[in-house]
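Close look at the chain arrangement
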Amino acid sequence: MNQIDFQHPSFKDQIRFYLFVLAAFLLMTLGYYLGISSYVLGWFAFCISAFSVAANDGVQTVGTFIESKKVVHWFPKLAALGGLLVAILVYAWYSGNGEVHFHRLDHFAPATQFNFLQLIAPLILVIITRMRSPISTTFLILGLFGGQNIEKMLTKSFLGYLVAFLTALVVWGILVKIDPKEYYDDHMPDPRTERKWAILQWFSTLFLWGAWLAQDAANIVVYLPRQLHILELAAAILILIAALGIILYTNGGTIQEIVTEKSDIQWSKAATIVDIVYASILIFFQAISDMPMSTTWVFLGMLAGREIVLNFLTYRDAPYLETFRKVGKDVLLASMGIAISIFIFLLASQVYPEKTSFFPRLFK
C-alpha cells in the first residue's frame, strides 16, 4: 500500500480531498435551506472550523515542532498537545463562567442566527489552506461576526507584523554575533547538544501552543454558544483533539512548506528559540488588548526578520534575491488571504446589509 505524501498530494489525493469538501458544502447548504436549527448548524461549522483553523494555523504553532520531530510518532505529540488543550480549555471554562474564548469575543455580539457565508467560511478556509496560503483565520472567520472591529484588528495585526519583524532582527542578530558558525548553511549540531534541545523543545512547543489557544481559540468557538455546559465542553474538546490529531498525523499538510523551506528550522535548538520568541510576542499583545489579531501575520513577520538577518550576517554566498523571494512570497500569500477575507466581508455586507450596516462607515 502506497503511503500518502500529505505535503505533496497526488492528483487522486487532491480529487478525494475536494470531493470531501464538496460533500461537506452540500450538506451544510442543505441543512441551511431546510431550516435546520442554528444550534446544530453551529456545531457542524465548529467541526469544520476546528480542522480548518488548526490546519491553517498549525504551521505557526506546531509547524516547527513537526519539522524537527518528524522521526517521532504522531501519538506522543498528540498526547502532550492534547493534554495541554484539555487543561487550558477546562481552566478557561471554569474561570470564565462557561466561556472558553479568553475574552477575545467580548467585542462581538453572540450569534443567535448564522447566515450562509458565516457557515461556509470554514470550508473556504480549508480550500485556501490546501493551496498553501497562510490566510488569517481571524479576518476570514471573525470578520463575518463583527466587521465593526475590522479596522482595529487590521491595525493590531500589522503592528504585530512590525513588532515581530523587528524583534526577530534583534534576537537573531545577537545570536549570530554570539555564535556565527551555528547559523551557516552547512552547520551540523552536536548530537548530544541536539538531544538536550530536543527535550527543551517539547516545553517550548507547549508554551507556544498555550499562548496560541488563548489568542485564536475564539476563531473556532465563535460558532458555539457563549456559555457551554459540561457535556458541550467535553464534545468541543474531543472535536478539537481529533482535528489536532489529523494535523499531526499528516505532518502539517501542504501548508507546512512555509516552515520547511526556512533556514535550519529542522534543528531542535532553532525551532525552540522560534517557539519561545513567537509565544512571547503573542503573550505581549494579549496583555495589551483583548481585540483579536492575526497571529499569522505575527508569525510571518518573525520568520521574515529571522530569514533576512541570517542571510545578511551568515549566508554570504546565498543570493539575497532568493531570501526576499521566500519572504515576499509569504507576505503576498498572506495579503491575498486578507484580500479574500475582505472580499467575503464585502459580499456579506451586500447580501446581509442589516447585519453589516457599519460597513460604509469603514471606508469613509
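First, a word on scope: everything that follows refers to the structure included in this document.

Basis of the calculations
Within each chain, residues carry numbers counting from 1 in the order of the written sequence. Given that the model is predicted, a residue must reach a pLDDT of at least 70 before its local features are reported, and side-chain atom pairs must reach 80 or more before they are shown or counted; all residues, however, enter totals for whole chains, interfaces and linings. Neither water nor hydrogens contribute to the side-chain values; these are computed over all heavy atoms in the structure. Secondary structure follows DSSP: runs of H or I at least 4 residues long count as helices, runs of E at least 2 residues long count as strands, and numbering of each begins at the N terminus. Partly exposed residues are those whose accessible area sits between 20% and 50% of the maximum for their type, while under 20% is buried and over 50% is exposed, using a 1.4 Å probe and protein chains only. The contact criterion used is simple: two residues touch if any of their non-hydrogen atoms lie within 4.5 Å. Using a 1.4 Å probe, the Shrake-Rupley method yields the accessible areas, and only the shown protein chains count as cover for residues. Excluding any residue in a salt bridge, patches collect residues exceeding 30% relative accessible area, merging like charges within 9 Å and nonpolar Val, Leu, Ile, Met, Phe, Trp and Tyr side chains within 5 Å. A pair is scored as a salt bridge if a Lys or Arg side-chain nitrogen falls within 4 Å of a carboxyl oxygen belonging to Asp or Glu. Two aromatic rings, drawn from Phe, Tyr or Trp (for Trp, its six-membered ring), form a pair once their centres lie within 6.5 Å of each other, and the interplanar angle then sorts them: stacked below 30 degrees, edge-to-face above 60, tilted otherwise. Here a cavity denotes a set of grid points, spaced 1 Å apart and computed over the protein atoms alone, in which a 1.4 Å probe fits but from which it cannot get out, and a pocket denotes an open set meeting protein on both sides within 12 Å along at least five of seven lines; residues with an atom within 4 Å of a point are reported as lining. Grid points are joined across faces, edges and corners, and a volume is the space filled by probe spheres set on the points. Charged means Asp, Glu, Lys or Arg here, nonpolar means Ala, Val, Leu, Ile, Met, Phe, Trp, Tyr, Cys or Pro, and polar covers whatever is left, Gly included. We call a set of buried Ala, Val, Leu, Ile, Met, Phe, Trp, Tyr and Cys residues a nonpolar core when their side-chain atoms join them within 4.5 Å. Here a helix's expected span is defined as the number of its residues, less one, multiplied by 1.5 Å. Orientation is described by axes fitted as lines to C-alpha atoms, over the contacting stretch for helices, and by angles from 0 to 180 degrees between their N-to-C directions. Crossings are classed by handedness, with left-handed meaning an anticlockwise turn of the near helix from the far one by less than a right angle and right-handed meaning a clockwise turn. The scheme is simple: roughly parallel for angles under 35 degrees, roughly antiparallel for over 145, roughly perpendicular for 65 to 115, oblique for anything else.

A closer look at the overall build of the chain
- Along the chain, the regular secondary structure elements total 15 helices and zero strands.
- In the chain, which comprises 364 residues, the share counted as buried stands at 54%.
- Partitioning the contacts of the chain with sequence separation of at least 6, the portion at a separation of at least 24 is 86%.
- Summed over all atoms, the accessible surface of the chain reaches about 16700 Å², with 70% contributed by carbon and sulfur.

Points about a nonpolar patch on the surface
- There is a patch of nonpolar side chains on the surface, built from Phe11, Ile15, Leu19, Leu22, Phe25 and Leu26 and spanning about 600 Å² of accessible area.
- Relative to the assigned elements, Phe11 resides in helix α1 (residues 11-33).

Considerations on the packing of aromatic side chains
- Overall, the coordinates contain 18 aromatic pairs when judged by the stated rule.
- Taken together, a centroid distance of 6.1 Å and an interplanar angle of 80° make the contact between Phe114 and Phe145 edge-to-face. In this pair, Phe114 sits in the loop between α4 (74-95) and α5 (116-130) while Phe145 sits in the loop between α6 (137-142) and α7 (150-178), placing the two residues 31 residues apart along the sequence. Like Phe114, the residue Phe145 is buried in the burial classification.
- Here Phe158 and Trp297 contribute two aromatic rings whose centre-to-centre distance is 5.3 Å and whose plane-to-plane angle is 90°, an arrangement assigned as edge-to-face.

Some points on empty space enclosed by the protein
- Inspection of every chain in the model, using the stated rule, returns two cavities of 30 Å³ or more.
- There is about 110 Å³ of room inside the largest cavity.
- As for the largest cavity, its lining consists of 13 residues, and the residues nearest its centre are Leu85, Trp212, Leu213, Ile220 and Leu240.
- Secondary structure elements with two or more residues in the lining of the largest cavity: α2 (38-61), α4, α8 (191-216), α9 (218-221) and α10 (230-249).
- When the residues that make up the lining of the largest cavity are grouped by side-chain class, the tally is 13 nonpolar, no polar and no charged.
- In terms of lining residues, the second largest cavity is bounded by Val100, His101, Leu105, Val221, Leu224, Pro225, Arg226 and Leu228.
- Partitioning the lining of the second largest cavity into residue classes produces six nonpolar, one polar and one charged.

Comments concerning the nonpolar core
- Ranked by internal contacts, the top residues of the largest apolar core, which has 93 residues, are Phe46, Phe145, Trp172, Trp209, Tyr223 and Met302.
- With residues up to four places along the chain from it excluded, the contact list for Tyr223 reads Gly42, Ala45, Phe46, Ser49, Phe114, Gln118, Leu119, Ala121, Pro122, Ile141 and Phe145.

Re the pattern of salt bridges
- A complete count under the given rule lists one salt bridge for this structure.
- A salt bridge links Arg104 to Asp290; the shortest N-O distance between them is 3.3 Å. Note that Arg104 is positioned in the loop between α4 and α5 and Asp290 in the loop between α12 (268-288) and α13 (295-313), a separation of 186 residues in sequence.
- For Arg104, a relative accessible area of 3% translates into the label buried.

Looking at α13
- For α13, with 19 residues, the first-to-last C-alpha span of 27 Å sits near the 27 Å given by 1.5 Å per residue.
- Within α13, 17 of the 19 residues are buried, which leaves it mostly tucked inside the rest of the structure.

Description of unusual backbone geometry
- A positive phi angle is found at Phe102, which is not glycine, with a value near 55°.
- You can see Phe102 is positioned in the loop between α4 and α5.
- Phi is positive for His103, which is not a glycine, with a value near 70°.

Details of the packing of α7 against α12
- Taken N-terminus to C-terminus, the directions of α7 and α12 make an angle of 145°; their axes are 11 Å apart at the nearest point. The two elements α7 and α12 cross, and the hand of that crossing is right-handed. Residue-level inspection shows Lys156, Leu159, Gly160, Val163, Ala164, Thr167, Val171, Trp172 and Leu175 of α7 in contact with α12, the latter providing Ile273, Val274, Val277, Ile281 and Phe285.
- Across the contact of α7 with α12, the residue classes break down as 11 nonpolar, two polar and one charged.

Details of the packing of α7 against α13
- It is the contact of α7 with α13, at a shortest axis distance of 7 Å, that shows an interaxial angle of 30°. In terms of orientation, α7 and α13 fall into the roughly parallel class. The handedness of the crossing between α7 and α13 comes out as right-handed. Facing α7, whose interface residues are Ser157, Phe158, Gly160, Tyr161, Ala164, Phe165, Ala168, Leu169, Trp172, Gly173 and Val176, α13 presents Trp297, Val298, Leu300, Gly301, Met302, Ala304, Gly305, Arg306, Ile308, Val309, Leu310 and Leu313.
- Its residues assigned to classes, the contact of α7 with α13 comprises 17 nonpolar, five polar and one charged.

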